[in-house]
Each structure stands twice: as structure tokens, then as C-alpha cells.
Amino acid sequence: PAHLKILSAFSSLIIIVLTPLYNWPAHVFYYFVIFSLIKVSKVPIFKVLKRATIEIPFIFFAILMPFISGVKDLDIGLISISSEGAYAGGSIIVKATAGTLISVLLGATTTVRSLLRGFTKLRMPTLLVQIATFMLRYVNVISAESERMEVARQSRGFIATGPKHWKVLAQAAGTLFIRSYERGERVHLAMLSRGYVGNLPDFEPEAVDKKDLTRAIILPLTFLIAAALNLIYSMNF
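## A short note on the overall build of the chain
Right, so step 1: A count of helical and extended segments in the chain gives nine helices and two strands.
Right, so step 2: Starting at the N terminus, the α and β elements of the chain follow one another as α-α-α-α-β-β-α-α-α-α-α.
Right, so step 3: Along the three orthogonal principal directions, the C-alpha set of the chain runs to about 75 × 60 × 30 Å.
Right, so step 4: Taking all contacts inside the chain whose residues are at least 6 apart in sequence as the whole, residues at least 24 apart take part in 73%.
Right, so step 5: With the model as given, the accessible surface of the chain reaches about 16400 Å², and the carbon-plus-sulfur share is 69%.

Below is the structure:
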């Protein structure tokens, strides 16, 4: 069930974030497990890495931290950097990348509908779930409407080539907004006429058995054991 997958991924992310960067064997193990799961799930590795590029802005910020954060107490050639900033930046890169990979893997192996149902079962605010539901459901509708408007402009000989056409494009964007708003009003009235009272019905209840629970706790439990063992080892030596 999706809600168990979400709990498993979220628990694993918490353990990764709480593991100090100096406990590097644990982080190496985390990445080994994550890439093993990607291999087992049969999701193309390049697809996962491509989607993970969403974290590039955070990596760019982390790279700058040794130069803008803390006291510059470490000299590398002609450059002085902050060891504290370097540690913080490295921690952000390592942990954010692991979290992004887990999130991408969760999204690649679970349908959007299942994820939304899972968030509902986890008592996420109903309003937020419904906003996400309608956004994902109608984004393709709005995209198709935009494409039809573009075809209509091109059939009349319009081709945007520079700033002089921005006014026309702005008017088209305004028209698209108005059409989307009107469509939303019609959809809402249609839902009210069918008995909508603020909650979407769930016609597909999911049964949870012991196997599902076992699978859900394997990943966070493995991460927790690895972090604890490495911490104990580092304290003894």
C-alpha cells in the first residue's frame, strides 16, 4: 500500500538526515542500498538520475557555503575556505542527494493516484490532497487547451519572434487563465450536483497484511541498524 511506502521512505529520510556526515561508512551503505533498490525495481538508472537533477540549485548553494559561511580557516593553494562551511555543504549534498533518489524512486514505482490515497490515509490535510488531486488531473486538460490556442494563432499566421509579440502572448495567457477558471467553476458545480461535500470517496480500500508491514519497515530498520553500528564503532575507536 502507498501509505506504507510513504512511511518507509519518510522514516528512511529522517535517519539519513540525522546521521552525521563524519559517520561516512553509514552514508556509503545508504547509497549502496538505494542503488540496489533502483536495480531491483527495474527503474532505468538514467531516468532516476535525470529526475534527480531537480536538486541542482541546492547543490550549487552547498558548493558556495565554504566560501560564504563561517571563518575561513583552511587554505587550499591560493584559496581560503571555511572548514565549517565545507562540512555543512558536504552534508547538504550527501543527504539531499540520498533523499532525492529515494523520493524519485518512490514516485517512479507508485502511481500518482496511489500516492494521493496514501497521503489521505496518513491524515494529511484533506484540502491539500484535493488541491494536488485536481492539479494533477487537470494539468493535461489545461496543457491541451494551451496547445489548441497555439494552433489557432499559427493558423492565422502568427509566429512569435521577439518582444513585439509579447503583448499577444500575454493576452493569450490571460485568456487561458479565464478559460481555466471558468472550467474550474463548471467542474465544481458538477461535483456539487453529484453530492460533493468536501471529501472525495474512496472506492478501493486497501488491505494491509503482515507481509506489507514487514516490507515497509525493512528499509528504515536497515538504515537505523547501519547508523547505530557505525556510531558504536566510531566511539570505540
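## Side note on the packing of helix H1 (residues 2-18) against helix H6 (residues 112-121)
Right, so step 1: Where H1 contacts H6, the two axes come as close as 7 Å, and the packing angle between them is 75°. Of the possible angle classes, the one that applies to H1 and H6 is roughly perpendicular. In contact with Ala2, His3 and Ile6 of H1, H6 contributes Ser114, Leu115, Gly118, Phe119 and Lys121.
Right, so step 2: Grouping the constituent residues of the contact of H1 with H6 by class yields four nonpolar, three polar and one charged.

## Things to note about helix H8 (residues 166-193)
Right, so step 1: Taking 1.5 Å per residue, 28 residues should reach 40 Å; H8 reaches 41 Å between its end C-alpha atoms and fits that length.
Right, so step 2: For H8, the complete set of buried residues consists of Ala172, Leu176 and Met191.
Right, so step 3: Lining the buried residues of H8 we find helix H7 (126-155).
Right, so step 4: Gly195, located one to two residues past H8, shows a positive phi value of around 95°.

## Some thoughts on the environment of Thr133
Right, so step 1: Mapped onto the secondary structure, Thr133 falls in helix H7.
Right, so step 2: For Thr133, a relative accessible area of 11% translates into the label buried.
Right, so step 3: Taking the C-alpha atoms as reference, Thr133 lies 16 Å from Val197; in sequence the two are 64 residues apart.

## Things to note about the nonpolar core
Right, so step 1: By size, the foremost hydrophobic cluster in this structure holds 22 residues, and its most contacted members are Ile16, Tyr30, Ile34, Val48, Ile102 and Phe223.
Right, so step 2: With six residues, the single largest contributor to this core is helix H5 (residues 83-109).
Right, so step 3: Ignoring sequence-local partners within four residues, the contact set of Tyr30 consists of Ile15, Ile16, Thr19, Phe223 and Ala227.

## Some thoughts on a nonpolar patch on the surface
Right, so step 1: A contiguous nonpolar surface patch, about 860 Å² in accessible area, is contributed by Phe60, Phe61, Leu64, Phe67, Ile68, Leu78, Ile79 and Ile92.
Right, so step 2: The leading source of residues in the nonpolar patch is helix H4 (residues 56-68), at five residues.
Right, so step 3: Mapped onto the elements, Phe60 comes out in helix H4.
Right, so step 4: Note on Phe60: relative accessible area 54%, which makes it exposed.

## Focus on the side chain of Thr19
Right, so step 1: Of note, Thr19 is situated in the loop between H1 and helix H2 (24-41).
Right, so step 2: The buried category is assigned to Thr19, whose relative accessible area is 4%.
Right, so step 3: What Thr19 contacts, discounting residues up to four positions off in sequence, is Ala26, His27, Tyr30, Lys95 and Ala227.

## Brief notes about H2
Right, so step 1: End to end, H2 covers 26 Å across 18 residues, agreeing with the expected 26 Å (1.5 Å per residue, within 8%).
Right, so step 2: Regarding H2, the residues found buried are Ala26, His27, Tyr30, Val33, Ile34 and Ile38. On an axial view of H2, the arc spanned by its buried residues comes to 140°, and they lie on one face. Turned more than 90 degrees from where H2 packs its buried face, Trp24, Val28, Phe32, Lys39 and Val40 sit exposed.
Right, so step 3: Two residues or fewer past H2, Lys42 is found with a positive phi of approximately 65°.

About the cut-offs
- Residues numbered from 1 in each chain as written.
- Predicted model: local features only at pLDDT ≥ 70, side-chain atom pairs only at ≥ 80, totals over all residues.
- Heavy atoms only, no water.
- Helix = DSSP H or I, 4+ residues; strand = E, 2+ residues; numbered from the N terminus.
- Contact = heavy atoms within 4.5 Å.
- Areas by Shrake-Rupley, 256 points an atom, 1.4 Å probe, with all protein chains shown as cover.
- Axes fitted to C-alpha atoms, helices over the stretch in contact; angles between N-to-C directions.
- Parallel < 35°, antiparallel > 145°, perpendicular 65-115°, else oblique.
- Nonpolar A, V, L, I, M, F, W, Y, C, P; charged D, E, K, R; others polar.
- Expected span 1.5 Å × (residues − 1).
- Buried < 20%, exposed > 50% of the residue type's maximum accessible area, 1.4 Å probe, protein only.
- Core = buried A, V, L, I, M, F, W, Y, C linked by side-chain atoms within 4.5 Å.
- Patch = residues over 30% accessible without salt bridge, like charges linked within 9 Å, V, L, I, M, F, W, Y side chains within 5 Å.
- Salt bridge = Lys/Arg side-chain N within 4 Å of Asp/Glu carboxyl O.
- Arc of directions from axis to C-beta.

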